[in-house]
Amino acid sequence: QVQLVESGGGLVQAGGSLRLSCVASGNIRRINDMGWYRQAPGMQRELVAGITSGGRTHYEDFVKGRFTISRDNAKNTVYLQMNSLKPEDTAIYYCNCRAQITTLDGTWDYWGQGTQVTVSS
């Protein structure tokens, strides 16, 4: 299995910044894609940004130019730098990775427990 632990969430004022971190551990053979998702109350979980093992990134339009996703393969860690935060960014942010594990063939999706981000106006 793979465990993902997010950190870095909190309460900030509009226009402020936060950096989220997610560390993967466990029976990891290889981590392929990693990404950040978010879910606000009453809303569906939505993709925020993703990054491939080769470093290619994708951003949804509502965060493009404000957020930056990055990864450190040696540390099995993915980051989300969030700048110019808006109240509508308030949500629980979840880390996701697609990985090959040592105990079973195939590629599997794993999720972190989530970290709360609250942006006040």
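In the block above lies the structure referred to throughout.
Residues numbered from 1 in each chain as written. Predicted model: local features only at pLDDT ≥ 70, side-chain atom pairs only at ≥ 80, totals over all residues. Heavy atoms only, no water.

**Notes on the overall build of the protein**
- Across its full length, the protein carries 0 helices and 11 strands.
- Taken over the C-alpha trace, the protein has a radius of gyration of 14 Å; the compact-globule value for 121 residues is 14 Å, and the two agree within 12%.
- Projected onto its principal axes, the C-alpha positions of the protein cover 45 × 25 × 20 Å.
- Within the protein, buried positions represent 38% of all 121 residues.
- Long-range pairs, those at least 24 residues apart, make up 55% of the contacts in the protein between residues at least 6 apart in sequence.
- Total accessible area computed for the protein in this model is approximately 6,500 Å², and 46% of it derives from carbon and sulfur atoms.
- Taken as two groups, the 12 positive and 10 negative side-chain charges of the protein have centres that lie 5 Å from each other. (Helix = DSSP H or I, 4+ residues; strand = E, 2+ residues; numbered from the N terminus. Rg over C-alpha atoms; globule rule 2.2 N^0.38 Å. Buried < 20%, exposed > 50% of the residue type's maximum accessible area, 1.4 Å probe, protein only. Contact = heavy atoms within 4.5 Å. Areas by Shrake-Rupley, 256 points an atom, 1.4 Å probe, with all protein chains shown as cover. Lys, Arg positive; Asp, Glu negative; His and termini not counted. Charge placed at Lys NZ, Arg CZ, Asp CG, Glu CD.)

**Quick word on the pairing of strand β4 (residues 28-39)**
- In terms of strand pairing, β4 meets strand β9 (residues 91-101) through 9 bridges, oriented antiparallel. By the bridge assignment, Q39 is partnered in β9 with I92.
- Bridge analysis of β4 against strand β5 (residues 46-51) gives 5 bridges, and the strand direction is antiparallel. Counted as the bridge partner of W36 is A49 from β5. (Pairing = 2+ DSSP bridges.)

**Some remarks on the nonpolar core**
- The biggest cluster of nonpolar side chains holds 30 residues, and the ones touching the most others in it are W36, L80, M82 and Y93.
- Once residues lying within four places of it in the same chain are set aside, the contact partners of M82 are G16, S17, L18, L20, R66, F67, Y93 and V117. (Core = buried A, V, L, I, M, F, W, Y, C linked by side-chain atoms within 4.5 Å.)

**Describing the pattern of salt bridges**
- According to the stated counting rule, one finds 5 salt bridges in the structure shown.
- The partner of D89 in a salt bridge is R66, and the shortest N-O contact between them spans 2.8 Å. Of this pair, D89 sits in the loop between β8 (77-82) and β9 while R66 sits in the loop between β6 (57-59) and β7 (67-72), placing them 23 residues apart in sequence.
- In this structure R66 comes out as buried when scored by relative accessible area, which is 12%.
- Connected via shared salt-bridge partners are R38, E46, R66 and D89. (Salt bridge = Lys/Arg side-chain N within 4 Å of Asp/Glu carboxyl O.)

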